[in-house]
Amino acid sequence: MARFEMLEDGFGAMGATAQADILFELGMMYATGRDCDTDVVAAHKWFNIAAIKGSARAAELRSELSATMSKIEIAKALREAREWMTMH
């Protein structure tokens, strides 16, 4: 049990980086329509979550995307990101 906890502590930062990268890729998928329909609300949501997890690039793209979105779309994306963060 102690060995597992030590390993888990050592890989915490690496795991967070990997998670941010995966979340960033979800944002890219929805922003570009790669393997799905383009969805700016979903893209903003995933970029926002990735930014919270430490992705500077996601924060930049979220900001760029926000400039093209309505206030209603941004509010919906923020609400969905908050709900996802609460559940995960």
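Please read these numbers as outputs of a predicted model, since none were measured by experiment.

Caption draft 1: How the structure looks around the packing of aromatic side chains. Counting across every chain of the model gives two aromatic pairs. Ring centres of Phe24 and Phe47 lie 5.7 Å apart, and the angle between their planes is 40°; this geometry places the pair in the tilted category. Taken together, the residues Phe24 in helix H2 (residues 12–32) and Phe47 in helix H3 (residues 40–52) connect sequence positions 23 residues apart. Considering the side-chain rings of Trp46 and Trp84, the 5.4 Å spacing of their centres and the 75° angle between planes classify their relative orientation as edge-to-face. Residue Trp46 is located in helix H3, and its partner Trp84 is located in helix H5 (residues 71–87); the two are separated by 38 residues in the primary sequence.

Caption draft 2: Seen up close, the pattern of salt bridges. Overall, the coordinates contain two salt bridges when judged by the stated rule. Here Glu25 makes a salt bridge to Arg34, at a shortest N to O gap of 3.1 Å. The residue Arg57 makes a salt bridge to Glu60 at a minimum N-O spacing of 3.0 Å. Of this pair, Arg57 and Glu60 are both found in helix H4 (residues 56–66), three residues apart, which corresponds to roughly one turn of the helix. The class for Arg57 is partly exposed, based on a relative accessible area of 43%. Note on Glu60: relative accessible area 42%, which makes it partly exposed.

About the cut-offs
- Throughout this description, residue numbers start from 1 for each chain and increase along the sequence as written.
- The predicted nature of this model means local features are confined to residues of pLDDT at least 70 and side-chain atom pairs, given and counted, to a pLDDT of 80 or more, with totals for whole chains, interfaces and linings taken over all residues.
- To obtain the side-chain values, all non-hydrogen atoms of the structure were included, while hydrogens and water were left out.
- Between 30 and 60 degrees the pair is tilted, below 30 it is stacked and above 60 it is edge-to-face, where a pair is any two Phe, Tyr or Trp rings, Trp via its six-membered ring, whose centres lie within 6.5 Å.
- Put simply, DSSP marks the helices as runs of H or I at least four residues long and the strands as runs of E at least two long, and each gets a number from the N terminus on.
- By definition here, a salt bridge exists when the distance from a side-chain nitrogen of Lys or Arg to a carboxyl oxygen of Asp or Glu is within 4 Å.
- Partly exposed residues are those whose accessible area sits between 20% and 50% of the maximum for their type, while under 20% is buried and over 50% is exposed, using a 1.4 Å probe and protein chains only.

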